[in-house]
Amino acid sequence: MGAIREKMKADLELRGFALTTQAEYLRRARNFVAFHGCSPTEMGEAEIRTFLLHLVKEKKVAPATHHMYVAAIKFLYSTTLRHPELVANIPWPKRPRTLPDILTGDEVERLFRQIRSLKHRAILMTAYGAGLRISEACALKAADIDSKRMLLHIHEGKGSKDRYVMLSERLLDVLRTYWKTARPPQPFLFPGDIPGRPITTGAVQRFLHEVVVRCGFTKRVTAHSLRHGFATHLLETGEDIRTIQRLLGHSSIQTTARYTKVTERHIGRTKSPLDLIGTEKGQVLR
């Protein structure tokens, strides 16, 4: 893509897109161009539709992947090439709102016990213990840990937003043990193979897959499952959904309501108004 790629990269940076999102958009746009073998300036709606149909019918990509391709191509034409009319009629894919598989507390504990690597255990316990996206956990720095206030400072999360999340005492103990043992070079708490760069999310995902296989789980478990579990377990213990929203870094409460799985156990603890009538708690119903 040459000059067009550089312009698209600059447009993404100027609009404050997260680095991971920038990389994804550029990769999807590159795949689109490679499929047709010509410059995007020589293509239009017909070529875009042909490519997207190829992804859906032949490659059978997941709805989330399809959505990312549409977003990247729309950005390419609307913003970088300034031809929004070419993508105006390209529909957004319908994304099924399925509930994720949620690990129980016992399963989470079992998962952690199977992790022999102190570094990977620390990363995944951070993802679960603080409800972080795996990219946020990987990018943590030692300076982000506030042990006095028991907080973690998350820099430039999704939407380039900073936030604070709780730091559990158990997690702090694990992080301190990891730090004393590994003495990781600055600045990142979990450095990767490339000097000065954090461990990649892909490396953590691959490691987690091996652990899940050893555990024998039939549930589909990814690093993001730990974030789902964090939110769901808080909800089950009676935590307010607004608090969960802030911890997850969601702008909209609707996102949190879709994100968290209201389990049967939580529903079963909810009292019917029929049971409340005539009781002290039911006075508000008068």
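Computed from a prediction, not measured in an experiment: that's the story for all the values here. (Residues numbered from 1 in each chain as written. Predicted model: local features only at pLDDT ≥ 70, side-chain atom pairs only at ≥ 80, totals over all residues. Heavy atoms only, no water.)

(A) Local environment of unusual backbone geometry. Omega for the bond connecting Gln186 with Pro187 falls within 30 degrees of zero, at 5°, which places this linkage in the cis form. Here Pro187 lies in the loop between α8 (169-182) and α9 (201-215). Even without being glycine, Met150 reaches a positive phi, approximately 55°. Take Met150: it is sitting in the loop between β1 (145-146) and β2 (151-154). A relative accessible area of 23% places Met150 in the partly exposed class. (Helix = DSSP H or I, 4+ residues; strand = E, 2+ residues; numbered from the N terminus. Buried < 20%, exposed > 50% of the residue type's maximum accessible area, 1.4 Å probe, protein only.)

(B) The arrangement of the layout of surface pockets in detail. Of the pockets and cavities examined, the second largest pocket occupies roughly 160 Å³. As for the second largest pocket, its lining consists of Gly105, Val108, Glu109, Phe112, Met125, Tyr128, Gly129, Ser168, Arg170 and Leu171. When residues of the lining of the second largest pocket are traced back to their parent elements, those giving at least two are α5 (105-113), α6 (118-130) and α8. Ranked by residue count, the leading element in the lining of the second largest pocket is α5, at four residues. Residue composition of the lining of the second largest pocket, by class: five nonpolar, three polar and two charged. (1 Å grid on protein atoms, 1.4 Å probe; cavity = no way out; pocket = protein on both sides within 12 Å on 5 of 7 lines; lining within 4 Å. Points joined across faces, edges and corners; volume = space filled by probe spheres on them. Nonpolar A, V, L, I, M, F, W, Y, C, P; charged D, E, K, R; others polar.)

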